[in-house]
Amino acid sequence: MMEKNMKNLKTYLMALTAIFLIGCGDSRAEGKAKIAEEELKLGGVTEEEAECIADLYSDHFSDDEEWAVLVSMYDYTMEEQYEIGYRAGQGEALTAEEQKMVDVSLAAMAVVPKMATECDIDFYDVVNKRMQ
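Computed from a predicted model, the values in this text were never measured in an experiment.

**A short note on the nonpolar core**
Ile35, Tyr57, Phe61, Trp67, Leu70 and Met115 are the most contacted members of the largest nonpolar core, which totals 26 residues. The set of elements that each furnish at least two residues to this core consists of helix 2 (29-42), helix 3 (47-60), helix 4 (64-73), helix 6 (96-108) and helix 7 (112-119).

Encoded structure:
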């Protein structure tokens, strides 16, 4: 009887540990993977550098809503993002979603210096490569 109780206790503890570990996983892993994948598609960076960029963005945006906006921006092409930024610069009215994108884009610029120090990436070199 005691052996059966010990076996049940071990099973219970293993299940509890598994639930705890799953719950403590990186809730932003899917978003970081998307950012890294899209950065690779845009070119000019290695896989390691793309993952570093995604980590920097995740660390920078502690607000989950801003993080979600940043991740959603990767659904837009560079041309679409440029168009929104251009319209904002011209003083045109933007939708609430577009204004959030502009605000998050501006906040994301704070990550650029960290790309050089933490990821060994010359952001402006990458931009030049992508513009070719």
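Here the narrative resumes, following the displayed structure.
**What to know about the packing of helix 5 (residues 78-89) against helix 6**
Two elements in contact, helix 5 and helix 6, have axes whose closest approach is 10 Å; the angle formed by their N-to-C orientations is 95 degrees. By the criterion of interaxial angle, the relationship of helix 5 to helix 6 is roughly perpendicular. In contact with Ile84, Arg87 and Ala88 of helix 5, helix 6 contributes Glu98, Met101 and Val102. A class-by-class count of the residues in the contact of helix 5 with helix 6 yields four nonpolar, no polar and two charged.

**Focus: the layout of surface pockets**
As a volume, the largest pocket reaches approximately 1,200 Å³. Along the walls of the largest pocket sit 32 residues, with Met73, Met78, Gln81, Ser105 and Phe123 positioned nearest its centre. Taken together, the elements giving at least two residues each to the lining of the largest pocket come down to helix 2, helix 3, helix 4, helix 5, helix 6, helix 7 and helix 8 (123-131). Broken down by element, the residue count for the lining of the largest pocket peaks at six residues, all from helix 5. When grouped by side-chain class, the residues that make up the lining of the largest pocket number 23 nonpolar, four polar and five charged.

About the criteria used
- Residues numbered from 1 in each chain as written.
- Predicted model: local features only at pLDDT ≥ 70, side-chain atom pairs only at ≥ 80, totals over all residues.
- Heavy atoms only, no water.
- Core = buried A, V, L, I, M, F, W, Y, C linked by side-chain atoms within 4.5 Å.
- Buried < 20%, exposed > 50% of the residue type's maximum accessible area, 1.4 Å probe, protein only.
- Helix = DSSP H or I, 4+ residues; strand = E, 2+ residues; numbered from the N terminus.
- Axes fitted to C-alpha atoms, helices over the stretch in contact; angles between N-to-C directions.
- Parallel < 35°, antiparallel > 145°, perpendicular 65-115°, else oblique.
- Contact = heavy atoms within 4.5 Å.
- Nonpolar A, V, L, I, M, F, W, Y, C, P; charged D, E, K, R; others polar.
- 1 Å grid on protein atoms, 1.4 Å probe; cavity = no way out; pocket = protein on both sides within 12 Å on 5 of 7 lines; lining within 4 Å.
- Points joined across faces, edges and corners; volume = space filled by probe spheres on them.

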